[in-house]
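Understanding the architecture of this molecule
Listed below are the residues making up each chain.
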Amino acid sequence: MIDYKERFVQWLDQRVTSAGLGTEDTTSTVDPSGVFWLGRLAPEKEAMAETRRERRMDPCSVGIRFKPAAPGPWSFQVRVRARGWNRITVGSKDLDTPEEWAKSAVAEETIDVTAHGGMRPTDFGAELLTSALRRVGIGTATAVVQVSDESWRGTPELVVTVVNTTAESGQPKGERYLFEVELAVEGLPTSPFILESLPDSFRYEREMQALGINCGVEMRGTTFVTRDTVVVSTKRPTFRFGYTAEDKLDLSFAGLTDDPLPRLRQLVEGYAQWGQAAWSPEALARLQGDGPAWTPEMIAEADRGRAAYEAELDRLRRGVAALESSPQLLRAYRLMNKAMGRTASRRGITSWRPFQVGFLLGVLPSLVEGRRDWNIVEIVWFATGGGKTETYLSLLVLAVFHDRLRGKHSGITAWSRFPLRLLSLQQTQRFADALGAAELVRREHRVPGDPIALGYYVGKSSTPNDIPVEPTKDNPIDVEDDTMPARFNVLLRCPFCAARDVSTRFNRRHWRLEHFCSAPDCPSTGEALPLFVVDSEIYRFLPSVVIGTLDKAALISMQAAMRGFIHGPAGRCRRPGHGFTYAKRGSRPAGCLVPGCKDPSETIKSHDRAMFAPSFRLQDELHLLRDSLGAVDSHYESILDDLQVKNTDTDPPKIIASSATLSGYQRQTSTLYGRQGRVFPALGPSVHESYWSAATPGILRRYVAVWPRGVTLEWVSDRTITVLQQSVRRLLSEPDVVCAQAGIEPVHVPELLDLYGTNVIYGNTVKDVEAARRSMGTQVDVNPLNTVSLTGQTPFDDVRTAIAELDRPPVDFDERVHVVAASSMFSHGVDIDRLNIMTVLGVPLTTAEFIQTTARVGRTHPGLVYVVHKIGRERDAGVYSHFQAFVEHGDRLVEPIPVTRSSRRVLDLTSAAAIEARRLFFHEPRSERLKLTTADLLRAHHRTVVTTVDDETKALREMLGIRDDEHLLDEDLRRAVEIYFAKLNDLGSGAKWPHDILHRRPMTSLRDVETQIPISDD
C-alpha cells in the first residue's frame, strides 16, 4: 500500500511535469516556445544550424536505442503522439491587443516499420504523420519517424526517433514546434544493454533495456515509451528485521545499560547464523539464478566478500570478549548507553540500530587487547541518514568514560575534525547533546574527573581565537560591548534539558565566554554549561571532546598551547577558574592564558603528561580529503602523530572516519595516515539486503532528471518553485480538492504543509545560488516567498537563525522559510526532517557530492529531488542518458579519491610547519629556559644540544613520513633545513624571530595552497 506522503510526492511531481509540458494549458498569451521546457521539438533545419551543444539545448528529435534480440529484418510498430499551438491573434506593439494562442487536440498515428541490418537513416510515415497533424488543426508543423541501424559496437542497434521536419517559414516560432511529443515502440523483442563502464559484480545488475535519445524511456507492459523526465525511486531501508527484529532482539538503551552481554552475544550469534545461510554455496547459487555463469572475477569477488564477513564476525566476537574481560570497559559501555539513551529519548528513539552496536563492538578490542588493531583506520560506511553520527558519538562517549575509569581525569579524549570551512550548528548540537547527557550520567554515578565538556574549535570566522583586554586591529572584540557574547552562541538548545533558553555572557572573573541555560528546572542550576568556544579557553580547560574544522590543524606550527592536543600542558594555574598553563611568554610570564595573570602554576610532571594524550582523532566526511587539501593534510597528520609518539612514548591516536560514499579507501587511508583502512559493515551478498539493513517497498527519494529545452536553467528553476509552492499552498485554500486529486485523507494536511512547504535550491557554486535567488525575486509569482541563503559566505548569525527557523518553523505558514538557496556548505551536516524537496541546478562535479547533497532531503519522509541538467555540459548530458544507473549504482560510480603525499610543492608548504612544530613541541620543552621565542634563544639552544643538519633532517623526515625511496623529497627537505641553520647562524642576517629564518612562512590554513591574487574594483 502506497503511503499518503508518497502519494503527495507523486502528485507534486505530476504538477511540475504537467507545467513543463503544458498539458493543462489550452490557451496562452505568449509564444509557447518560450514557456514550456519539456516534450517540445524544434524544427530540424533550425536545430542543425546550431552547434552540437546548442542542438542539445533545443533538440529536434526524441527516440529510443534498442538492441534487437534476433538477427534482422525486424518488423514493429511505432506510435507517435504530439500537439501543436496556433496563434489566433497577433498582439499589438502597444499591448492594447494581447496576443492569443490556442493548443490543438492531440495528433496520434501508428506506423508500421520494417528495418534490416545495416540500414542507414530511413524515413517512415511522413505522409501519415502530416495528415494526423493537419486533422487536428496543426497547419505548419510536419514530422517523420526515422530508423537506422548503428552496429558499430559489433551487434545491431536500432535507433528509432521522431523528428520535427517543419520547413523554414515566416510563421511564428511556436507554430513551427511540436509539443507534448511521445514516441512508443511495440512488437520488437530486444536484449538489454550492459553498462560496460561498471565492473561486473555478482551483487549488481548492469542491464538497461533501452536507451533514451534526448529523453527517458519507460516500459509499459511490452511497449517502450519515451518520457520527458527520467524518474528513479530509491527504496527506504529498514534496520530491524530477521535475526535483529525488535521482537527477537532487545537493543534498547535501557537493556544495554542494565545487562548488555546477553544481548550482544545474541546479536553476534545471529550474525553467525545469518552468514552461514547467506554465504552458503546454495544461497550464492540462488543469487546467480538462471543467468549466465559467473565469471572467475565474480567468483573471486564473492570469495572476498565471504572472507570480509568472517573477519567482521571474528571482530564482533572479540568485542564481546573484551567487555567480558574488562570490568572498566563494561562499566564504560553501560554508562555510554545510559547517556546516549537519554539524549535519544528527546527524539522518541529508544533503541540502537544493529549496525551501530556492531561498529562499536568491532572497535572495542583495540581498547583492551594490548591495543590490537590500534593503527587500523576504522571507517563507518552507511547511507546518509542511517545514523553514522550517533555511531561515532557513542564511541567517543564510551572512550571518555573509559578514560575517566582508567585514571585520565583531565584532557582531550578525542579531536573530531570536519573538512568544511563552516561547521554545521546541528553537528555541534548533536555533539553537545551527547556529551551533556554523559556529564549528567558522570555526576549521577560519581565518576571522577573534570566535567565532560565539548570544545568548539573553529576560530575567528565563527568564534574568537582569544578575548583581548582591549580591542585591537587584529582582534576587534570588545569586552565592554554588551552585545558581544550573543554573537558567539553556538547552541540551538540546552544540552542538559533541551530548553531553548540558552544565552551567552562574559565572565570577567574567569575570563570566559560562557553559555548558560535559564530554564528554571535545568540541571545546570544557572552555572555555565560544559562548552568552550574560544580557542584560548579550549587550551585552558582541555574539554573531553573537541569538534572543529580541519583547517585548525595548521596551528600546530604557530600555537604553543596546542600541546594539549598532543600531550600534557606545562602546569595548572593556582588561581581557581584559570585552567592549564603553557609555555611562558612576555605577555604571560607564568604561562597562564588569562590576560594579566601572574599567579604561579603547579607543574605537571613529565611522566604524567602522557595521560593527557588524545586517544582518538575522528575524521568526518573522509571522501572530502582529496586533491591539494588531502595532500597537505597527510603531512599534518604525520606531524601530529610524530609529536605525540615522541613526547609520550605511546601510540598515536586511533583514527575513526565516516563517509556515506567510499571508493579507493585503502589507498586514501594509506596516503593520509600511513595506516590500513577497514570499513564497517562488510557488504552482504545482495546489494538489497544484509544482516544490518534491507530495502523496503517504501520510497526514500524520488529523483527526477530534467532536460530543459529551449529555456534557461533559471527559468526552469523558477517555474518549478512556483508550481511547487502554489501546489502546496492549495492545501490551505482548497484542501478537499487537493486531497481528492492526490488520493489522500484531509486529516494529513497540516503534516504535509510542514513536510513539503519548504524547497531547497542547490547550486554547485555560490554564483549559481545567488543567480537563482535573484531570479526568484522577480520571476516566482508567489507571495509571500521567504527565502534564506546558506553558503560559505552566509554570516554565522544568519546561519544560526536560519537553522533554528527551519527546525522549528512559525505556526503561520506565511511566516515560514519557503525556499533555501544553498551551496556545498549545506551538503554536509544539515539534518532537518522538514526538508523534503530539492532542485539541483546542474549535476554536481563528483558522484560523491551528488549523493551527499541530495541526501539532505528525504531523510525521514519521502523526498522529491529535481536534477535540472546543464545539458550543454558533456558530464550532464552523459549522466542524463544513464540517469537510472547513475542513481542506482551511485556508490559504485564514486570516483577514487585523488590524493598523494609525495608532492614536492606540498612539501615546500608543509616543511616550514614541521620545523616550527618541532621548535614548539619538541625543542622548547627540553630547552634550559623552556622558551625559544627569539632567534637568539633558538641559536643558543641548538648550540647547547649540538643539533646538526643531519639530525634535524632525519627527525623531520620521520615526522613528515617521507619514505627512503622518495629521494627528491628528501633532498628538498634537507635543503630547507640547511637554509634554516644557515640563516640561524648568520648573526648579520637581522633575523629576530624564528619564523624569519624559515624558507617560507607556515600555512595559516590547510587550504592556503595557491598564491592569492588581490582583486580590486579600480
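Everything numeric in this text was worked out from a predicted model, so none of it was measured.

1. Side note on the overall build of the chain
- Regarding its fold elements, the chain presents 31 helices and 36 strands.
- By the compact-globule yardstick of 31 Å for 1018 residues, the chain fits well, its C-alpha radius of gyration being 32 Å.
- Taken along its principal axes, the extent of the C-alpha atoms in the chain is 100 × 75 × 65 Å.
- Looking at the chain as a whole, 59% of its 1018 residues are labelled buried.
- Summarising the internal contacts of the chain: among those between residues at least 6 apart in sequence, 76% fall at separations of at least 24.

2. Re the sheet that holds strand β35 (residues 837–841)
- The strand order across the open sheet built from seven strands is β17-β31-β36-β35-β32-β34-β33, with neighbouring strands paired in mixed fashion. Of all the strands in the sheet, the pair left with one neighbour each is β17 (229–238) and β33 (787–790). Each adjacent strand pair in this sheet contributes to an overall mean axis angle of 20 degrees, direction not counted.
- Sheet strands touched by helix α22 (residues 766–779): β32 (759–763), β33, β34 (819–822) and β35. Its angle to β33, the strand with the most contacts, is close to 175 degrees.

3. Focus on the sheet that holds strand β16 (residues 223–227)
- Read across the open sheet, the five strands follow the order β6-β3-β10-β16-β15; overall the sheet is antiparallel. Each edge of the open sheet carries a strand with a single partner, namely β6 (107–115) and β15 (216–220). Here the strands of the sheet are splayed against their neighbours by 25 degrees on average, with no regard to which way each runs.

4. A few points about the packing of helix α19 (residues 713–733) against α22
- Running from amino to carboxyl end, α19 crosses α22 at an angle of 55 degrees, the nearest separation of the two axes being 10 Å. Relative to α22, the element α19 is oriented oblique. Classified by chirality, the crossing of α22 by α19 is right-handed. Counted together, E714, D718, I721 and T722 of α19 and A771, A772, S775, M776 and Q779 of α22 form the full contact between these two elements.
- Considered class by class, the residues forming the contact of α19 with α22 number four nonpolar, three polar and two charged.

5. What to know about the environment of T350
- Looking at where T350 falls in the secondary structure, it is placed in the loop between α10 (327–344) and α11 (354–363).
- Assessed through its relative accessible area of 59%, T350 is described here as exposed.
- Separated by 97 residues in sequence, T350 and F253 place their C-alpha atoms 6.2 Å apart.
- Each residue touching T350, except ones within four places of it in the same chain, is listed here: S252 and F253.

6. Re the pairing of β35
- Where burial is concerned, most of β35 is hidden: five out of the five residues are buried.
- As paired strands, β35 and strand β36 (residues 863–868) are joined by five bridges and run parallel to one another. By the bridge assignment for β36, T839 is matched with Y866.
- Where the polypeptide runs from β35 across helix α24 (residues 847–854) and back to β36, its parallel neighbour, the crossover connection is right-handed.

7. A few points about the packing of aromatic side chains
- Taken as a whole, this structure holds 33 aromatic pairs when the rule is applied.
- Taking the centre distance of 5.6 Å and the plane angle of 55 degrees together, the rings of F8 and Y756 count as tilted. Within this pair, whereas F8 is found in helix α1 (residues 4–21), its partner Y756 is found in helix α21 (residues 749–756), the two being separated by 748 residues in sequence.
- Assessed through its relative accessible area of 0%, F8 is described here as buried.
- Taken together, the ring pairs connect Y243, Y271, W274, Y309, F359, F680, Y691 and W692 into an aromatic cluster.

8. Quick word on the nonpolar core
- Judged by nonpolar contacts, the single largest core of 145 residues is most densely connected at Y333, L364, L790 and F883.
- The element contributing the most residues to this core is helix α13 (residues 388–405), with ten residues.
- Apart from the residues lying within four places of it in its own chain, the contact partners of L364 are G319, A322, L323, L329, Y333 and L398.
- Formed by 73 residues, the second largest nonpolar core is a distinct cluster that contains V632, Y636, A917 and L932.

9. Section: the packing of α1 against helix α20 (residues 735–742)
- Where α1 meets α20, the closest approach of the two axes is 9 Å, and the angle between their N-to-C directions is 95 degrees. One finds that α1 runs roughly perpendicular with respect to α20. Counting all contacts with α1, which are made through R7, F8 and W11, the residues of α20 involved are V738, Q741 and A742.
- Its residues assigned to classes, the contact of α1 with α20 shows four nonpolar, one polar and one charged.

10. Side note on helix α25 (residues 874–881)
- Of the residues making up α25, those classed as buried are D876, A877, V879 and Y880. One side of α25 carries all its buried residues, which in axial view fall inside an arc of 165 degrees.

11. Quick word on the confidence of the model for the chain
- Per-residue pLDDT for the chain has a mean of 91; in total, 97% of the residues score no lower than 70.
- Low pLDDT, under 50, characterises residues 1011–1018; the stretch is placed with zero contacts to residues that sit more than four places away or in other chains.

12. Remarks on unusual backbone geometry
- At the junction of F680 and P681, the peptide bond is cis and its omega measures out at 0 degrees in the coordinates.
- Relative to the helices and strands, P681 resides in the loop between β30 (677–680) and β31 (694–706).
- Note the cis peptide between N783 and P784, where omega equals 0 degrees.
- By secondary structure assignment, the location of P784 is in the loop between α22 and β33.
- At L542, a residue that is not glycine, the phi angle is positive and equals roughly 45 degrees.
- Along the chain, the position of L542 falls in the loop between α15 (535–541) and β24 (545–549).
- Accessibility expressed as a relative area gives 3% for L542, which makes it buried.
- The phi angle at L930 is positive, at roughly 55 degrees, despite the residue not being glycine.
- Structurally, L930 is set in the loop between α28 (904–926) and α29 (935–945).

Scoring rules and cut-offs
Note that residues are indexed from 1 along each chain, following the sequence as it is written. In view of the model being predicted, local features appear only for residues whose pLDDT reaches at least 70, and side-chain atom pairs are presented and counted only at 80 or more, with totals across whole chains, interfaces and linings using the full set of residues. Neither water nor hydrogens contribute to the side-chain values; these are computed over all heavy atoms in the structure. Only DSSP runs of H or I reaching four residues or more are called helices, and only runs of E reaching two or more are called strands; each is numbered from the N terminus. Atoms counted for the radius of gyration: C-alpha only. Globule rule: 2.2 Å times the number of residues to the power 0.38. Type-normalised accessible area, obtained with a 1.4 Å probe on protein chains alone, sets the label of each residue: buried when under 20%, exposed when over 50%, and partly exposed for intermediate values. Contacts: residue pairs with any heavy atoms within 4.5 Å of one another. A strand pair is defined by DSSP finding two or more bridges across the two strands. Every axis in this analysis is a line fitted to C-alpha atoms, fitted for helices over the stretch in contact. Angles between the N-to-C directions lie between 0 and 180 degrees. Angular relationships are summarised with four words: roughly parallel below 35 degrees, roughly antiparallel beyond 145, roughly perpendicular across 65 to 115, and oblique for the angles in between. Left-handed is the label given to a crossing in which the near helix is rotated counterclockwise from the far helix by less than a right angle, and right-handed is the label when the rotation is clockwise. Each residue is assigned to one class: nonpolar for Ala, Val, Leu, Ile, Met, Phe, Trp, Tyr, Cys and Pro, charged for Asp, Glu, Lys and Arg, and polar for all the others, Gly among them. Classification remark: right-handed applies to a crossover when, strands pointing away from the viewer, the course from the first strand over the helix to the second runs clockwise. Side-chain rings of Phe, Tyr and Trp, where Trp is taken by its six-membered ring, are said to pair if the distance between their centres is within 6.5 Å; with planes under 30 degrees apart they count as stacked, over 60 as edge-to-face, and otherwise as tilted. What makes a nonpolar core is a set of buried Ala, Val, Leu, Ile, Met, Phe, Trp, Tyr and Cys residues whose side-chain atoms join them at distances within 4.5 Å. Directions from the helix axis toward the C-beta atoms define the arc. Residue-level confidence of the predictor is summarised by pLDDT, bounded by 0 at the bottom and 100 at the top.

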